[in-house]
Amino acid sequence: MLIGFNEISNDNKKSLVNGFIDIVTYALRLTKESEELSNDCKDNIRIVLYFYQHLCLRVETYCISQPLIDDKKKKKTKKSVKYDSDDEDSSGFDWTNMRPIIIDLNKTIIEMEHVSLWKMGIIAESFLTNCWKIPLNMLENSCSGAANSISGTASQEVSMRNKCISIIVSSINNMALGNSCDAYTSLNMSFMDVLCHYESMATIITKIISQLRPGNPCSSELIREIGSMNISELNKTSTSSVKHIGLLIVNLADAIPGQMSLFMPMIMQQLNSDVYQIRSALLQAMGSTCEYICQIITAANAKNQLVLDEIEEEKLDKRNSGSGNESESEEENDDEVDLNIVKVNKEDKDNTIDSLDAAMSKMNIEGFGGTGGGSNGEKEEKYTNIDGMIRVRDRMLDLLIERTHDMSPFTRAVVLKVWISLVESNSIPVKRFASVAEIGFDRLMDKTGIVRKSAIALLSSLIECNPFAGELNIDTFKLRQLELEKNILLRLKFLMKDIVKNNTNSMVVKKTKSEVLTTISE
């Protein structure tokens, strides 16, 4: 029946689809209401779901290639032959109006409790493949602008597209429950095939990847697939395909910069490609990743400094309170007080590390810190991984400096725009500002106009967003230096008084203890 679907009449097509919808709806209600189902019942429900999925794929393919009204009726309208509208509605097969029902039903199927039909809730790969193929075909047809694709008002189209994306995301998340390496391969190949044809699929694929559960291998497999592609050969056959792949890389870097910072080595070899579009896209992705890492480092340093300031204030309060009326009793318990201070420092250090992890988790960083916080070793490992992030950032900045001399003027202009974005977002270390300024001055002599314009814009951004001050007069900095030196000297004098006072108190304590010991011995 499914094979001969194209040959049957519209009435039979409509009845067939409606019949399957009713059967699947009843089967889903049965699995939800029944506590235990027999094995035969489970097998029958799975068979019905398989047939229903194949029917949806067949109908979607057929209706995109066929008009809503038969050719005979078109001829009748051209000849101005009258026929009843009821006859048109009864014989017409309107898949466009039935598609929202199909999407909602497929969403219910993929989100149901799979333990009721599959052992241990692990769904078969063939079933999951059909689950994501149906909405992917609908999204592809929508991007192609087919007459019978997803349509309606703007809000209805957005709602149906979001539901299709949700179905694909749920299907991919269920793949992770079993060994589904082949399923990921076929999925990513379908993604790349659709992406090469339609530019708007880059945004849709980015939404899908960004909504996956953390640790899902789909994103890494997709990046690995891009890294293994022969971009030069692909550019010979289809230049637009390379442009679409580059757009996907840039979108992924903006959506999941934490994961992209880990996946960058998989596609770094494409920097040596002959195609400038892919090189420019990789450099833009590196810029977005550097901005993300700098945000993480800034948040971590701010949290760390805040906790350290609180520790210092607590120490000063304890020292000031020790110079009161009960100084003698506190001097006798001096050793105990010191031990308590050490304990407080350890606890504050752990709290500092926890605050760093919280700051990184807020920005969805993955990979630079271990998952789960239990022992102090794990916490210390997360704390020291900030240094790894700094190394990754510095390596990317070095590559951006190298690519300012790229052979393509378009890539050189893109690199300078990346530097502008980094300067304006305050993502460049202060020690690199001089080298970035040298890059801007050097590119002022470039032979291409777009590069020279970008260099002028970079120098303007460096002057406006310099980290030193609002004005560049050296006398202002000298006065500021003198004020800071005075404050440092006052601080040192205050600390020296505290040290001398603490030393004299400890000498008094030692003297009283020695006198007590001599009296006891006598």
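On a predicted model such as this, the values are computed, not experimentally measured, just so you know. (Residues numbered from 1 in each chain as written. Predicted model: local features only at pLDDT ≥ 70, side-chain atom pairs only at ≥ 80, totals over all residues. Heavy atoms only, no water.)

## Some details on the overall build of the chain
Heads up, the rule is: Counting from the N terminus, the helices are the DSSP runs of H or I reaching at least four residues and the strands are the DSSP runs of E reaching at least two. Each residue is placed in one exposure class: buried if its accessible area under a 1.4 Å probe, protein chains only, is under 20% of its type's maximum, exposed if it is over 50%, and partly exposed if it falls in between. In what follows, residue pairs with any heavy atoms lying within 4.5 Å of each other are defined as contacts. Only the protein chains shown count as cover for residues, and all accessible areas are computed by the Shrake-Rupley method using a 1.4 Å probe.
Along its length, the chain carries 21 helices and zero strands. When each of the 522 residues of the chain is scored for burial, the buried share is 41%. Summarising the internal contacts of the chain: among those between residues at least 6 apart in sequence, 76% fall at separations of at least 24. Roughly 29500 Å² of accessible area belongs to the chain as shown, and the carbon and sulfur atoms make up 54% of that amount.

## Considering the packing of helix H10 (residues 218-227) against helix H12 (residues 239-255)
For any two helices packed against each other, one specifies the crossing angle of their axes together with the interaxial distance. Let me state the cut-off plainly: Fitted lines through C-alpha atoms give the axes, limited to the stretch in contact for helices. The angle between two N-to-C directions lies from 0 to 180 degrees. Left-handed describes a crossing whose near helix is turned anticlockwise from the far helix through less than a right angle; right-handed describes the clockwise counterpart. Nonpolar residues are Ala, Val, Leu, Ile, Met, Phe, Trp, Tyr, Cys and Pro. Charged residues are Asp, Glu, Lys and Arg, and all others, Gly as well, are polar.
Relative orientation of the contacting elements H10 and H12 amounts to 140°, with a least axis distance of 12 Å. Judged by the twist between their axes, the crossing of H10 over H12 is left-handed. Residues Leu222, Ile223 and Ile226 of H10 form the contact with H12, whose own contacting residues are Ile245, Leu248, Ile249 and Leu252. In terms of residue class, the contact of H10 with H12 is made up of seven nonpolar, no polar and no charged.

## Regarding the nonpolar core
Quick reminder of the rule: We call a set of buried Ala, Val, Leu, Ile, Met, Phe, Trp, Tyr and Cys residues a nonpolar core when their side-chain atoms join them within 4.5 Å.
Counting 109 residues, the largest nonpolar core has Ile172, Ile245, Ile249, Met260 and Trp419 as its most contacted members. When sequence neighbours within four positions are dropped, the list of residues in contact with Met260 reads Ile223, Ile249, Leu252, Ala253, Ile267 and Thr289. If you look at the next biggest cluster of nonpolar residues, it comprises seven residues, including Ile297, Ala300, Ile386 and Met389.

## Considerations on a negative patch on the surface
Here is the rule we go by: Within this analysis, patches are made of residues with over 30% relative accessible area and no salt bridge. Like charges are joined at 9 Å or less; nonpolar side chains (Val, Leu, Ile, Met, Phe, Trp, Tyr) at 5 Å or less. We define a salt bridge as a side-chain nitrogen of Lys or Arg found within 4 Å of a carboxyl oxygen belonging to Asp or Glu. Residues scored as positive are Lys and Arg, those scored as negative are Asp and Glu, and His as well as the terminal groups of each chain are ignored. To locate a charge, take atom NZ for lysine, CZ for arginine, CG for aspartate or CD for glutamate.
A cluster of acidic residues, Asp309, Glu310, Glu313, Glu314 and Asp317, forms a negative patch on the protein surface. Mapped onto the elements of the fold, Glu313 is located in helix H14 (residues 276-321).

## Points about the packing of aromatic side chains
What counts here: Any Phe, Tyr or Trp ring, taking Trp's six-membered ring, that has another such ring centre within 6.5 Å forms a pair; planes under 30 degrees apart are called stacked, those over 60 apart edge-to-face, and the others tilted.
This structure, assessed with the given rule, holds two aromatic pairs. Between Tyr50 and Phe127, the ring centres sit 5.6 Å apart and the planes meet at 80°, which makes this aromatic pair edge-to-face. Note that Tyr50 is positioned in helix H2 (residues 39-65) and Phe127 in helix H6 (residues 125-144), a separation of 77 residues in sequence. Measuring from ring centre to ring centre gives 5.3 Å for Tyr276 and Phe410, while their planes differ by 25°; the resulting arrangement is stacked. With a gap of 134 residues between them, Tyr276 in helix H14 and Phe410 in helix H18 (residues 409-424) connect regions that are remote in the sequence. Tyr276 sits in the partly exposed class, given a relative accessible area of 31%. Judged by relative accessible area, which is 45%, Phe410 ranks as partly exposed.

## Quick notes on the pattern of salt bridges
Applying the stated criterion to the full structure yields 15 salt bridges. Of the charged contacts in the structure, one is a salt bridge between Asp398 and Arg432, with a shortest N-O distance of 2.9 Å. In this pair, Asp398 sits in helix H17 (residues 376-402) while Arg432 sits in the loop between H18 and helix H19 (433-443), placing the two residues 34 residues apart along the sequence. A relative accessible area of 30% places Asp398 in the partly exposed class. Look at Arg432 and you get buried, because its relative accessible area is 12%. By sharing partners, the salt bridges in this structure join Arg412, Asp442, Arg443 and Asp446 into a single network.

## A short note on the environment of Gln277
Note on placement: Gln277 falls in helix H14. Owing to a relative accessible area of 22%, Gln277 belongs among the partly exposed residues under this scheme. Distance from Gln277 to His244, taken between C-alpha atoms, is 9.5 Å for residues 33 residues apart in sequence. Ignoring any residue separated from it by four or fewer positions in sequence, one finds Gln277 in contact with Thr239 and Val242.

## Examining the side chain of Thr31
As a reminder of what qualifies: Polar contacts, as counted here, are pairs of nitrogen or oxygen atoms within 3.5 Å of one another; within protein the pair requires one atom able to donate a hydrogen and one able to accept it, and residues that are adjacent in sequence qualify only if both atoms are side-chain atoms.
Note that Thr31 resides in helix H1 (residues 10-33). The buried category is assigned to Thr31, whose relative accessible area is 10%. Within the local environment of Thr31, its side chain forms a polar contact with the backbone oxygen of Leu28, the two atoms lying 2.7 Å apart. Leaving out residues up to four positions away in the same chain, Thr31 has contacts with Leu37, Ile45, Ser116 and Leu117.

## Structural notes on helix H20 (residues 449-464)
Quick reminder of the rule: A helix is expected to span 1.5 Å multiplied by its residue count minus one. This arc corresponds to the set of directions leading from the helix axis out to the C-beta atoms.
Taking 1.5 Å of rise per residue, the 16 residues of H20 would be expected to cover 22 Å, and the 23 Å separating its terminal C-alpha atoms lies within 8% of that figure. Every buried residue of H20 is accounted for by Val451, Ser454, Ala455, Leu458, Leu459, Ser461 and Leu462. Relative to the axis of H20, the buried residues are bounded by an arc of 160° and lie together on one face. More than 90 degrees from the buried face of H20, the exposed residues found are Lys453, Ile463 and Glu464. Packing partners of the buried residues in H20 comprise H18 and H19.

## Re H19
Listed as buried for H19 are Phe433, Val436, Ala437, Ile439, Gly440 and Arg443. One side of H19 holds all its buried residues, which, seen down the axis, span an arc of 155°. Facing away from the buried side of H19 by over 90 degrees, the exposed positions are Ala434, Glu438 and Phe441.

## Quick look at the environment of Met229
In this structure, Met229 sits in the loop between H10 and helix H11 (231-237). Residues Met229 and Gln270, spaced 41 residues apart in sequence, show a C-alpha to C-alpha distance of 8.8 Å. Filtering out sequence-adjacent residues up to four positions away, Met229 remains in contact with Met192, Leu234, Ile245 and Gln270.

## Details of the confidence of the model for the chain
Definition in use: The predictor attaches a confidence to each residue, called pLDDT, with possible values from 0 through 100.
Taken over all residues, the pLDDT of the chain has a mean of 77, while the share at 70 or more is 74%. Low pLDDT, under 50, characterises residues 68-91; the predicted model gives this stretch 18 contacts beyond four residues in sequence or across chains. Across residues 325-353, where pLDDT falls below 50, the model places 21 contacts with residues more than four positions away in sequence or in other chains.

## Section: the packing of H19 against H20
Using the following cut-off: Here the angle decides the label: under 35 degrees means roughly parallel, over 145 means roughly antiparallel, 65 to 115 means roughly perpendicular, and every other value means oblique.
Running from N to C, H19 and H20 point in directions that differ by 150°, and their axes come no closer than 8 Å. Between H19 and H20, the interaxial angle falls into the category roughly antiparallel. Relative to H20, H19 is oriented so that their crossing is left-handed. Judged by residue contacts, Phe433, Val436, Ala437, Gly440, Phe441 and Arg443 of H19 engage Val451, Arg452, Ala455, Leu458, Leu459 and Leu462 from H20. Of the residues belonging to the contact of H19 with H20, the class tally is nine nonpolar, one polar and two charged.

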